[in-house]
Amino acid sequence: MTHAPSTPTPSTGWHWWRHAKLATMSDEPGSPAWGWCPQGDLLTHGDRIVWVGASEQAEAALQAHLPADERNLLGSTDLHGLLVTPGLIDAHTHLVYGGLRANEFEMRLKGATYEEIARAGGGIRSTVTATRAATEDELVASALGRARTLVADGVTTMEIKSGYGLSFEHEARCLRAARRVGDTLGLTVRVTGLAAHALPPEFDGRADAYIDAICDWLPRWHADGLLDAVDGFCENIGFSAAQMERVFRAAQALGLPVKLHAEQLSDQGGAALAARFNALSADHLEYLSDAGIAAMAAAGTVAMLLPGAYYYLRETKLPPIAALRAAGVPMAIATDHNPGTSPTLSLSLMLNMACTLFRLTPEEALAGATRHAATALGLGASHGQLRAGFRADFALWEVGHPNELAYRFGDRACRGTVIGGRRFSS
């Protein structure tokens, strides 16, 4: 039986994780598909992986890596054949917000479009109203519940965006809440400022003035340590490419990386803009052009695919998966958890949807929720693979092969997570 995780237990320093099946998802030259090792062990020290390899080589690895005077401190866990993968990385979430939007789900089923709901005052604005009415502690409490559900599904690292405050103080409240989620649970949480998400009511008809305000707010949030990246919604119901360029220049002046909601509902040239600023990722991408693909490939910008929103909005325009694959653009997968267009809390379900809806292979999908998701957060050198020197974040699954993670849906196979070398209860 799987239970929701609690706060992780303290690491005991050196630890030997024995008798597992490993899917390291390593991109080291010569690594097999999936980084597959059907009988493998890991050695961790504190929050880092020291060694990973075949069980038959583990004793020699212990002798080579473990100082003689610390061998009596070695902890050991027999994993009894569980599959170990890198901890899943949910690299696009809107986890901090107030209220729900189940009524809009019903409206869409009765024929209203996403744009019609937004223009009638629903959509993002309705969540802004509820979020502004919530205290910081209330926002933290609700976000913690969502984060714990994600961790129970194998997630050990996540991005959390703001974007439902849309004023200096309300956005800061959301950013602080996101920081507190990571601190409370011991997760790696990258906090992204998404003030350019929608136009707040007090700026009706004055979009350029609101962009000016965001550019003034960014240095203050950055000085308070609240930002790891900056994002925006470049769309005909959001902000233009020219407006987003102003936000990106302000972020660039602070040394902050950028990313962009781009080409979800139409082609606004957002992906090419994002690539011009060496964006970590461009996200959604249903209407991505060949020019956008070429620009992303040249810049190394990750294509962030969000099948949950595609499914929930009943979209029919697929992202250009074959063209992205042919261009060598890395493809990441995320939940896009938000209250209006993707209220899912299962990244493992997104693996299945990425395969069934977008036709990714199971290995591409898992790479998209591990290795490529890490790159999309600027963490590619430390997260998303089971490799020596990487953070000791991994998920434990009761399956026979990693292809089962995308094959199943609605069946949570996660039997625990290890975050920074510390085991959550399961």
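A quick note: this is a predicted structure, and the numbers were derived from the prediction, not measured.

Cut-off values and rules
Residues numbered from 1 in each chain as written. Predicted model: local features only at pLDDT ≥ 70, side-chain atom pairs only at ≥ 80, totals over all residues. Heavy atoms only, no water. 1 Å grid on protein atoms, 1.4 Å probe; cavity = no way out; pocket = protein on both sides within 12 Å on 5 of 7 lines; lining within 4 Å. Points joined across faces, edges and corners; volume = space filled by probe spheres on them. Nonpolar A, V, L, I, M, F, W, Y, C, P; charged D, E, K, R; others polar. UniProt positions renumbered as here; feature names shortened; annotations may be inferred. Contact = heavy atoms within 4.5 Å. Helix = DSSP H or I, 4+ residues; strand = E, 2+ residues; numbered from the N terminus. Buried < 20%, exposed > 50% of the residue type's maximum accessible area, 1.4 Å probe, protein only. Polar contact = N/O pair within 3.5 Å; in protein donor to acceptor, adjacent residues only side chain to side chain. Pairing = 2+ DSSP bridges. Axes fitted to C-alpha atoms, helices over the stretch in contact; angles between N-to-C directions. Phe/Tyr/Trp six-rings, centres within 6.5 Å; stacked < 30°, edge-to-face > 60°. Lys NZ or Arg CZ within 6 Å of the ring centre and 35° of its normal.

A. Spatial organisation of empty space enclosed by the protein. Under the definition given, this model contains 4 cavities of 30 Å³ or more. Quantified by volume, the largest cavity comes out at close to 120 Å³. Lining the largest cavity are 13 residues; nearest its centre among them are His 94, Tyr 114, His 197, Asn 338 and Thr 341. Residues of the lining of the largest cavity, tallied by class, amount to 4 nonpolar, 7 polar and 2 charged.

B. Molecular detail of the UniProt feature "binding site: N-formimidoyl-L-glutamate" (unreviewed entry) in the protein chain. With numbering matched to this structure, UniProt assigns "binding site: N-formimidoyl-L-glutamate" (unreviewed entry) to Tyr 164, Asn 338 and Gly 340. Separation in sequence by 177 residues is not matched in space for these annotated residues, since their most distant C-alpha atoms are only 11.6 Å apart. From the set just named, the residues that line the largest cavity comprise Tyr 164 and Asn 338. Not counting chain neighbours up to four residues away, the residues in contact with Tyr 164 comprise His 94, Val 96, Tyr 97, Arg 101, Ile 124, Thr 127, Val 128, Thr 131, Glu 171, His 197, Asn 338 and Pro 339.

C. The UniProt feature "binding site: Zn(2+)" (unreviewed entry) in the protein chain, seen in detail. Per the UniProt record, "binding site: Zn(2+)" (unreviewed entry) is found at His 92, His 94, His 261 and Asp 336. Despite a sequence span of 245 residues, these residues sit close together in the fold, their greatest C-alpha distance being 12.3 Å. For the largest cavity, the lining residues drawn from the annotated set are His 94, His 261 and Asp 336. Mapped onto the fold, His 92 is located in the loop between β6 (88-90) and α2 (102-109). On the accessibility criterion, His 92 (0% relative accessible area) is buried. Look past the residues within four positions of His 92 in its chain and what remains in contact with it is Glu 159, Lys 161, His 261, Asp 283, Met 304, Leu 306, Ala 334, Thr 335, Asp 336 and His 337. For His 94, the position within the fold is in the loop between β6 and α2. In this structure, His 94 is in contact with Lys 161, Ser 162, Tyr 164, Leu 194, His 197, His 261, Asp 336, His 337 and Asn 338, ignoring residues within four places of it in sequence. Within the local environment of His 94, its side chain forms a polar contact with the side chain of Asp 336, the two groups lying 3.2 Å apart.

D. The arrangement of the sheet that holds β6 in detail. Spatial strand order, β6-β7-β8-β9-β10-β11-β12-β13: 8 strands in an open sheet with parallel pairing. Each of the sheet's edge strands pairs with one partner strand only, and the pair in question is β6 and β13 (331-333). For this sheet, the mean inter-axis angle between neighbouring strands, taken without regard to orientation, is 25°. Of the pairings in the sheet, the one linking strand β8 (residues 188-196) to strand β9 (residues 229-234) comprises 3 bridges and is parallel in character. Across the sheet, Thr 192 pairs through a bridge with Ala 229, a residue of β9. Sitting on the sheet, helix α6 (residues 168-185) is in contact with β7 (155-161) and β8, with an inclination near 170° to β8. Across the sheet, helix α8 (residues 241-253) touches β8, β9 and β10 (259-262), and the angle it forms with β9 is around 175°.

E. Structural context of the packing of aromatic side chains. One pass over the structure, following the stated rule, counts 11 aromatic pairs. Taking the centre distance of 5.7 Å and the plane angle of 10° together, the rings of Phe 168 and Trp 221 count as stacked. On the criterion of sequence distance, the pair formed by Phe 168 in helix α6 and Trp 221 in helix α7 (residues 207-223) is long-range, its members being 53 residues apart. One aromatic cluster is present, formed by Phe 168, Phe 203, Tyr 210, Trp 217, Trp 221 and Phe 239 through successive ring pairs. The side chain of Arg 146 reaches across the aromatic face of Tyr 97, ending 3.7 Å from its centre. In this structure, Arg 220 is placed above the aromatic ring of Phe 168, and the distance from its NZ or CZ to the ring centre is 3.8 Å.

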